[in-house]
Amino acid sequence: MTFSKRRASAFAPRLTPWLASLMLGVMMTACATPPQNPTTRPPVYDRPVIQNPDGVDPQLPKPREEEPEKTPEEEADEKDAEIAKREGLTPPHMQGRPIRRVALLLPFSASNSRLRTEAGSMLQAAEMAVFDRDRADVLLIALDTAGTEDGTRMATQKAMDAGADIILGPVLAPNVTAARDQSRRVDIPIIAFSTNQAVAGDGVYLLSFPPEAEVERITRYAAAQGARRFALLGPNNGYTRRVEPAYRRAVSGVGAQYVITQTYSGSSINDMQGPASELARAYLQGGQRFDAVLLPESGTALRSLGPLLPYYNVNPASVKFIGTSLWDRLETTREPALRGGIFAAPDKDASANFKSAFEATYDAKPSTLASQAYDGISIAALIAEDDPKDRKARLTDPQGFYGVDGFVRFRVNGTPERGLAVYEVRQGQFVLIDPAPKTAEDLGITLN
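Scoring rules and cut-offs
Residues numbered from 1 in each chain as written. Predicted model: local features only at pLDDT ≥ 70, side-chain atom pairs only at ≥ 80, totals over all residues. Heavy atoms only, no water. Core = buried A, V, L, I, M, F, W, Y, C linked by side-chain atoms within 4.5 Å. Buried < 20%, exposed > 50% of the residue type's maximum accessible area, 1.4 Å probe, protein only. Helix = DSSP H or I, 4+ residues; strand = E, 2+ residues; numbered from the N terminus. Contact = heavy atoms within 4.5 Å. Pairing = 2+ DSSP bridges. Axes fitted to C-alpha atoms, helices over the stretch in contact; angles between N-to-C directions. Parallel < 35°, antiparallel > 145°, perpendicular 65-115°, else oblique. Left-handed = near helix turned anticlockwise from the far one by under 90°. Nonpolar A, V, L, I, M, F, W, Y, C, P; charged D, E, K, R; others polar. Polar contact = N/O pair within 3.5 Å; in protein donor to acceptor, adjacent residues only side chain to side chain. Salt bridge = Lys/Arg side-chain N within 4 Å of Asp/Glu carboxyl O.

## Let's talk about the nonpolar core
Within the largest apolar cluster, 42 residues are counted, with the highest numbers of intra-cluster contacts made by I379 and F410. Listed by contribution, the elements that provide at least two residues to this core are β3 (100–106), α3 (113–131), β4 (138–144), β5 (166–168), α12 (348–362), α13 (370–384) and β14 (406–410). Excluding residues within four positions of it along the chain, F410 makes contact with I191, Y205, L206, L207, I379, L395, T396, F401 and T415. Within the second largest apolar cluster, 30 residues are counted, among which are L233, L279, W327 and A436.

Following this line, the structure appears as structure tokens:
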């Protein structure tokens, strides 16, 4: 039976205080072995079983206040029943298999419509990862965080009650912290989708693409091409405040010099002109010349910023314009001043098959985080098959994992090392100029 578009729509989550669990099955290869082509659909056994995530029958009578003393056999039977209640029913096609319970915590009923849309697409990607698996031995428990900390704590508790071996999500940084605090007593590993590296560690592992990693990648590449002096021109916002310290560290790490930062408030060309002219003046007259300048902008704002430095006589032929995955939008290719600029981003080739398969299955483009949900399910299924005491050690396997988003390796502190590619803006398109590392060895990591 194939996983059709009609079937996919039947699995859409109900936006109630809790979501029904989905019985599904997944896995992914460790180290540098690519996963199965997601366009290939293995046979599946039957439609996933809908299950109460709390595992409690509301019709059960309340126990009497006073009950007779139980025999050891009765106590053993009750213990077995309690385990069965917590873990839920096992569908016929999963009987006799070691079941891996993976909870997926997403904001299905968040007040923000973009979050709701993201969550729906991520669930579809998770389902697709499950149906790309050749055996059904994973119980996927989809739970609604509502995009709030209280909702996340409730969802995490339900995941624990259901006997989850590993938790995927949440998306928002405060919710990740809430999930970690709630699950700490049972020591369940959490693979979260937040880009905020401050919430990593203490059992939380981030599967995201933090902008700090992109800044480090593009800085190292520019330095390898001969850049020795670096500058930054960007908005005075949270993104710039995050990437600037990482940028400085990366520049220092390659033995280069950080020269100057100029920021502006607002997103119009009028807001940008003063800081851009000051940066140009420092470059031309103040003895603060630089070989590369980071422009942490995107879209229309980037198209407004790009021409300003050439306007103030900073020649792009002498100064390399560099960026992060914020540049990875069609608007960037339409700005002549950005031609020849370079940026770091996830490997487009690695995710091409996934995107094609997703569109063919759901007749829609995957959301930004959908591919992370696909890989997250695969990694979780692999980790959950091991002894619970060894799961965190397996998550930090130095050889890492390779999925539809390319290579990822979790550091002991929970932050990700990503295999990022470098692209150049050239003739109206993005041209790959430095492929993404596909193994730990490619990243320069020495394995014992």
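## Brief notes about the sheet that holds strand β17 (residues 429–434)
An order of β9-β8-β10-β11-β12-β16-β17 is seen for the seven strands of this open sheet, with the pairing classed as mixed. Strand pairing shows two members of the sheet lacking a second neighbour, β9 (257–264) and β17, which therefore form its edges. Going across the sheet, the axis of each strand differs from the next one's by a mean of 30°, ignoring polarity. Here strand β10 (residues 292–294) pairs with strand β11 (residues 320–323) via three bridges, running parallel. Note on β11: the bridge partner recorded for V293 is F321. Contacting β8 (229–235), β9 and β10, helix α8 (residues 269–284) runs over the sheet at an angle of about 155° to β9.

## What about the packing of helix α4 (residues 149–161) against helix α5 (residues 173–183)?
Taken N-terminus to C-terminus, the directions of α4 and α5 make an angle of 40°; their axes are 8 Å apart at the nearest point. Classified by the angle their axes make, α4 and α5 are oblique. Crossing handedness for the pair α4 and α5: right-handed. Across from E149, T152, R153, T156, Q157 and M160 in α4, the residues of α5 making contact are P174, N175, A178, A179, Q182 and S183. Among the residues forming the contact of α4 with α5, the class breakdown is four nonpolar, six polar and two charged.

## Quick look at the side chain of T152
Here T152 lies in helix α4. A polar atom in the side chain of T152 sits 2.7 Å from the backbone oxygen of T148.

## Describing the pattern of salt bridges
The tally for this structure, following the rule as stated, stands at 19 salt bridges. For E278, the salt bridge is made with R281, and the minimal N-O distance between the two is 3.6 Å. With E278 and R281 both in helix α8 and three residues apart, this pair spans about one turn of that helix. Looking at E278, the relative accessible area reads 35%, which means it is partly exposed. When its relative accessible area of 40% is taken as the criterion, R281 is described as partly exposed. The partner of K365 in a salt bridge is E359, and the shortest N-O contact between them spans 3.5 Å. Judged by relative accessible area, K365 falls into the exposed class, the value being 65%. A residue is classified by how much of its surface remains accessible, and E359, at 33% relative accessible area, is partly exposed. Through salt bridges with shared partners, a single network forms among R180, D181, R184 and D202.

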